[in-house]
Amino acid sequence: MTVTDELQATIEQMVQPGKGILAADESLPTITKRFAAITIEATKDNRRAYRALLFTAPGIEEYISGVIAFEETLTQSSADGTPLPEVLAQRGIVTGVNVDKGKGPLALSPGDIITYGLDGLAERMQQYKSQGARFAKWREVYAITERNPTVLGITANAEMLARYAAVCQEQGIVPIVEAEVLIDGDHSLARCAEVTEAVQQEIFHALHRHHVVLEHMIFKPNMVMPGKEHPVRASAAEIAAATLQVFRRTIPAAVPSINFLSGGLSPEEATANLNAMNAALPDAHWALSFSYGRALQQPVLQAWRGQADNVVDAQRALLKRARLNGAASRGEYQANDESMNSLS
Ligand code: 5MM
């Protein structure tokens, strides 16, 4: 199989109607924070047990085509000893891995953020591939203030994403290119649109400069919406209209799929907004789907609380969110589906 065939096969498995991606790539500090909220300790065994719970949830393969894992997950196993990437592969779910090394301040550019991890990336990628990973994810983060992100912040972040994506494709790994304009702050929807457009324009220029094949990548953006401290809330229809206007201006039709992050939205809001996008643009060039972390996992953590007795309920909570987001990715979700107990 050539590298191109390999990338194409992975994309075809990841981009399927009615399916999306589960982001379960919490780094150690993040999973520690998520577990603290349900008063459990992020021990190695609790982390393993939780990920096994997610990946063995009955029925999720109908709505989930890929899982983004944190590095250590590739070496963990389910209760019967099956390696977790193998558990997913047996269910037809593609394993991916978060390959960035976290973020920090961009030197000499106050308020801008940059992600680390390019050194030795190709070698790490070969190892992850031997452990079952077929796609990767890298996230750049942009905070909105009056002066941020600066032009330097926007260009430096785009360059990182493009260099990462090029290394992935050279290794036969499909890159998820994630650009998160944060929801924090009191900025308006118009300001979020302006920043998101500038960020995405620069990313696609950089991807072109670095010879990244757009047909063999997935783009993972934020939705365009007012900051969470802004006095005026936007409806799902307004968020969808503003987001799609930016996308039409910035994202080439060759990109097969756009899989949103949830960025701190409630599970219900994330589903309703995704549905509004698909309802507004049913014949979009790209698939419009999900790659949610918190919006899929929040109800699961609440149901689980670290207790073995709660595993079945927690898995049902995951199946419910996966099913509703699967419907939203087809534009077929209705808010009253939330109250239904039926899980199929
Ligand atoms: C699950 O969180 C991912 C990794 O974050 P850290 O490196 O901070 O631990 C994160 O990249 C996530 O995949 C995306 O932000 C999407 O998750 P949300 O919760 O925004 O849907």
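Residues numbered from 1 in each chain as written. Predicted model: local features only at pLDDT ≥ 70, side-chain atom pairs only at ≥ 80, totals over all residues. Heavy atoms only, no water.

1. Side note on the sheet that holds strand E1 (residues 20–24)
The strand order E1-E2-E3-E6-E7-E8-E9-E10 describes a closed barrel built from eight strands, whose pairing is parallel. Going across the sheet, the axis of each strand differs from the next one's by a mean of 25 degrees, ignoring polarity. In this structure, strand E2 (residues 64–69) lies alongside strand E3 (residues 94–98), joined through four bridges in parallel fashion. The residue of E3 that forms the bridge with alanine 69 is valine 97. Seen against the sheet, helix H6 (residues 151–170) touches strand E6 (135–142) and strand E7 (174–181) and runs at an angle of roughly 175 degrees to E6. (Pairing = 2+ DSSP bridges. Helix = DSSP H or I, 4+ residues; strand = E, 2+ residues; numbered from the N terminus. Axes fitted to C-alpha atoms, helices over the stretch in contact; angles between N-to-C directions. Contact = heavy atoms within 4.5 Å.)

2. Some points on helix H7 (residues 189–209)
End to end, H7 covers 30 Å across 21 residues, agreeing with the expected 30 Å (1.5 Å per residue, within 8%). Every buried residue of H7 is accounted for by Cys192, Ala193, Val195, Thr196, Val199, Gln200, Glu202, Ile203, Phe204, Ala206 and Leu207. Residues of H7 that are buried make contact with E6, H6, E7, strand E8 (218–221) and helix H8 (236–250). Directly after H7, the chain includes histidine 211, whose backbone phi takes a positive value near 65 degrees. (Expected span 1.5 Å × (residues − 1). Buried < 20%, exposed > 50% of the residue type's maximum accessible area, 1.4 Å probe, protein only.)

3. A word on the packing of aromatic side chains
Two aromatic rings, taken as a pair, are described by how far apart their centres are and by the angle between their planes. Within the structure shown, the criterion is met by eight aromatic pairs. Chaining the aromatic ring pairs together yields one cluster made of Phe35, Tyr50 and Trp304. (Phe/Tyr/Trp six-rings, centres within 6.5 Å; stacked < 30°, edge-to-face > 60°.)

4. Overview of the site of the ligand
Contacts to the ligand come from 17 residues, most closely from Ser27, Thr30, Lys137, Ser262 and Arg294. Contact between the ligand and lysine 220: an oxygen atom at 3.3 Å from a side-chain N or O atom of the residue. Glycine 263 is positioned such that a nitrogen or oxygen atom in its backbone is 2.8 Å from an oxygen atom of the ligand. Burial of the ligand by the protein amounts to 91% of the accessible area it has alone, namely 500 Å². Across the shell around the ligand, the residue classes break down as three nonpolar, six polar and eight charged. (Near = heavy atom within 4 Å. Polar contact = N/O pair within 3.5 Å; in protein donor to acceptor, adjacent residues only side chain to side chain. Areas by Shrake-Rupley, 256 points an atom, 1.4 Å probe, with all protein chains shown as cover. Nonpolar A, V, L, I, M, F, W, Y, C, P; charged D, E, K, R; others polar.)

5. Some points on the pattern of salt bridges
Tallied over the entire structure, the rule returns 17 salt bridges. In this structure, lysine 129 engages glutamate 6 in a salt bridge whose closest nitrogen and oxygen atoms are separated by 2.8 Å. Remark: glutamate 6 occurs in helix H1 (residues 3–14) and lysine 129 occurs in helix H5 (residues 121–130); sequence separation between them is 123 residues. Since its relative accessible area comes to 22%, lysine 129 is described here as partly exposed. Overall, glutamate 6 belongs to the buried group, its relative accessible area being 19%. Residues lysine 137 and glutamate 178 are paired through a salt bridge, measuring 2.9 Å at the closest nitrogen-oxygen approach. (Salt bridge = Lys/Arg side-chain N within 4 Å of Asp/Glu carboxyl O.)

6. Let's talk about the pairing of E1
Burial analysis of E1 places five of its five residues in the buried class, the great majority of the element. Across five bridges, E1 lies against E2 in parallel orientation. Opposite glycine 20, over in E2, you have isoleucine 64 as the bridge partner. As judged from the two bridges shared by E1 and strand E10 (residues 287–292), these two strands associate in the parallel manner. Bridge pairing in E10 links leucine 22 to tyrosine 292.

7. Regarding the pairing of E8
Residues in a regular strand project their side chains so that they alternate between the two faces of the sheet. Covered by surrounding structure in E8 are Ile218 and Lys220 together with Phe219 and Pro221, the residues of both alternating faces. Direction of pairing for E7 relative to E8: parallel, over a ladder of four bridges. Paired with valine 177 across the bridge in E8 is phenylalanine 219. In this fold, the crossover linking E7 to E8 by way of H7 has right-handed handedness. Across two bridges, the pairing between E8 and strand E9 (residues 257–260) is parallel. From the neighbouring strand, isoleucine 218 faces E9, where its bridge partner is serine 257. Handedness of the crossover joining E8 and E9 through H8 is recorded here as right-handed. (Right-handed = clockwise from strand over helix to strand, strands pointing away.)

8. Points about the nonpolar core
Of all hydrophobic cores here, the largest spans 98 residues; its most connected members are Tyr164, Ile203 and Leu207. When residues in this core are grouped by element, the largest group, nine residues, is from H6. If we skip the residues at most four places from it in the chain, isoleucine 203 touches Tyr142, Ala158, Leu161, Val177, Ala179 and Phe219. Counting 11 residues, the second-largest nonpolar core is a separate cluster that includes Ala23, Val94, Val174 and Ile176. (Core = buried A, V, L, I, M, F, W, Y, C linked by side-chain atoms within 4.5 Å.)

9. Quick look at the packing of helix H2 (residues 28–36) against helix H3 (residues 44–55)
Where H2 contacts H3, the axes come no closer than 12 Å and their chain directions differ by 80 degrees. Taken together, the axis directions place H2 and H3 in an arrangement best described as roughly perpendicular. Between H2 and H3, the residues in contact are Leu28, Ile31 and Phe35 and Asn46, Arg47, Tyr50 and Arg51, respectively. Tallied by class, residues from the contact of H2 with H3 come to four nonpolar, one polar and two charged. (Parallel < 35°, antiparallel > 145°, perpendicular 65-115°, else oblique.)

10. A closer look at the environment of alanine 314
Structurally, the position occupied by alanine 314 is in helix H11 (residues 311–328). What makes alanine 314 buried here is its relative accessible area of 0%. Sequence-wise, alanine 314 and threonine 30 are 284 residues apart; in three dimensions their C-alpha atoms are separated by 20 Å. Setting aside anything within four residues of it in sequence, one finds alanine 314 in contact with Leu53, Val300, Ala303 and Trp304.

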